[in-house]
Amino acid sequence: ILEEGLMKGMSVVGKKFSKNEVFVPDVLMSAKAMNSAMPYLKSAFETGEAKHKGVFIIGTVQGDLHDIGKNLVRMMMEGVGWKVIDLGVDTPPEKFLQAVKENPKAVVGMSALLTTTMVNMEKAVKVLKSEYPDIIIVVGGAPLTQEFSDKIGADRYCPDPQACIEYLDERLSLSGN
């Protein structure tokens, strides 16, 4: 149900969204349908019958209160099988660090919409990479670029949720799961 139905459906929606063939309301509707099915599958995760792809920690960086993009990424990541820990908005570097300490093999996603908060993303990346040099950090948000991602030491800039999913599937060899 999860892998052959729900996850494949979210993948189709994600690919269409990245090509501007569907829009935010379509993604939200799909994610809501997926999330309404998840309580029925919870026992499969608890027994180990179904497995998450991994843990994805996400938050909007300190000083930024925008969460629509972050929420879309969260829903899409859950939709394709990740366990997501959502730290919310206005997330200081220490909160990202604490979440990684509790989930050392997690991937971190950071969002910023305001150019004035991009500096806080750089601080958070430096804090995480100083303690966990091998951690994978993806960043996203309207004012960001791959050049900015490279400059601050993040692993990848993802312009949309599908780009994040495809990058992590490739990087972690998850596409066959």
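Rules used in this analysis
- Residues numbered from 1 in each chain as written.
- Predicted model: local features only at pLDDT ≥ 70, side-chain atom pairs only at ≥ 80, totals over all residues.
- Heavy atoms only, no water.
- Helix = DSSP H or I, 4+ residues; strand = E, 2+ residues; numbered from the N terminus.
- Buried < 20%, exposed > 50% of the residue type's maximum accessible area, 1.4 Å probe, protein only.
- Contact = heavy atoms within 4.5 Å.
- Areas by Shrake-Rupley, 256 points an atom, 1.4 Å probe, with all protein chains shown as cover.
- Lys, Arg positive; Asp, Glu negative; His and termini not counted.
- Charge placed at Lys NZ, Arg CZ, Asp CG, Glu CD.
- Core = buried A, V, L, I, M, F, W, Y, C linked by side-chain atoms within 4.5 Å.
- Phe/Tyr/Trp six-rings, centres within 6.5 Å; stacked < 30°, edge-to-face > 60°.
- Axes fitted to C-alpha atoms, helices over the stretch in contact; angles between N-to-C directions.
- Parallel < 35°, antiparallel > 145°, perpendicular 65-115°, else oblique.
- Left-handed = near helix turned anticlockwise from the far one by under 90°.
- Nonpolar A, V, L, I, M, F, W, Y, C, P; charged D, E, K, R; others polar.
- Salt bridge = Lys/Arg side-chain N within 4 Å of Asp/Glu carboxyl O.
- Pairing = 2+ DSSP bridges.
- Right-handed = clockwise from strand over helix to strand, strands pointing away.
- Expected span 1.5 Å × (residues − 1).
- Bend = angle between axes of the 7 residues up to and from the residue.

Chemist: Tell me what's going on with the overall build of the protein, and back it up with residues and numbers.
Modeler: Secondary structure assignment for the protein yields seven helices and five strands. Residues counted as buried form 47% of the 177 residues belonging to the protein. The long-range fraction of contacts in the protein, counting pairs at least 24 apart against all pairs at least 6 apart in sequence, stands at 69%. Surface summary for the protein: the accessible area is close to 9,200 Å², and the carbon and sulfur share equals 55%. Of the charged side chains in the protein, 20 are positive and 23 negative, and the gap between their average positions amounts to 2 Å.

Chemist: Describe the nonpolar core, listing the residues and the values that go with them.
Modeler: In terms of nonpolar packing, the biggest core is built from 31 residues, with Leu2, Phe56, Met77, Trp82, Val138, Cys164 and Leu168 touching the most fellow members. For this core, the leading source of residues is helix H1 (residues 2–18), giving six residues. Residues contacting tryptophan 82, with those up to four places away along its chain left out, are His52, Lys53, Gly54, Val55, Phe56, Met77, Val107, Leu168, Leu172 and Leu174. Within the second largest apolar cluster, 24 residues are counted, among which are Leu87, Met118, Met121 and Val125.

Chemist: Tell me about the packing of aromatic side chains, and please be specific about residues and values.
Modeler: A full pass over the atoms with the stated rule returns one aromatic pair. Between phenylalanine 56 and tryptophan 82, the aromatic rings sit 6.2 Å apart at their centres with planes inclined by 70°, giving edge-to-face as the arrangement. Highlighted residues: phenylalanine 56 in strand S1 (residues 55–60) and tryptophan 82 in the loop between helix H3 (68–79) and strand S2 (83–86), separated in sequence by 26 residues. The pair formed by phenylalanine 56 and tryptophan 82 is uniform in burial state, with each residue classed as buried.

Chemist: Go over the packing of H3 against helix H7 (residues 161–171), please, and point to the residues and values.
Modeler: Between H3 and H7, the least distance of the axes is 9 Å, while the angle of their chain directions is 45°. Relative to H7, the element H3 is oriented oblique. Between H3 and H7 the crossing geometry is right-handed. Between H3 and H7, the contacting residues are Leu72, Val73, Met76 and Met77 on the first element and Pro161, Gln162, Cys164, Ile165 and Leu168 on the second. Classifying every residue of the contact of H3 with H7 gives eight nonpolar, one polar and no charged.

Chemist: An account of the pattern of salt bridges is requested, with residue identities and associated values reported.
Modeler: Summed over all chains, the structure comprises seven salt bridges. A salt bridge links glutamate 78 to arginine 74; the shortest N-O distance between them is 3.6 Å. A residue pair is termed a helical-turn pair when its members lie 3 or 4 positions apart in one helix, as glutamate 78 and arginine 74 do in helix H3 at four residues. The partly exposed category is assigned to glutamate 78, whose relative accessible area is 22%.

Chemist: Help me get a handle on the sheet that holds strand S5 (residues 156–157), residues and values and all.
Modeler: Strand order in the open sheet made by the five strands is S2-S1-S3-S4-S5, with parallel pairing throughout. Two strands bound the open sheet, and with one partner strand each, they are S2 and S5. Examined bridge by bridge, strand S3 (residues 107–111) and strand S4 (residues 137–140) share four bridges and lie parallel to one another. Considered in S4, the bridge of valine 108 is made with isoleucine 137.

Chemist: Requested: an account of the pairing of S3, with residues and values cited.
Modeler: A regular strand carries its side chains on alternate faces of the sheet. The element S3 is extensively covered by neighbouring structure, given that five of its five residues are classed as buried. Covered by surrounding structure in S3 are Val107, Gly109 and Ser111 together with Val108 and Met110, the residues of both alternating faces. A crossover connection joins S3 to the parallel S4 through helix H5 (residues 118–131); in handedness this β-α-β unit is right-handed.

Chemist: Can you lay out H1 for me, pointing to particular residues and giving the numbers?
Modeler: Spanning 17 residues, H1 covers 22 Å between terminal C-alpha atoms, matching the ideal 24 Å at 1.5 Å per step. At lysine 8, H1 is deflected by roughly 25°, the largest bend along its length. Listed in full, the buried residues belonging to H1 are Leu2, Leu6, Met7, Met10, Val13, Gly14 and Phe17. Where H1 ends, the next residue or the one after it, asparagine 20, has phi of about 60°, a positive value.

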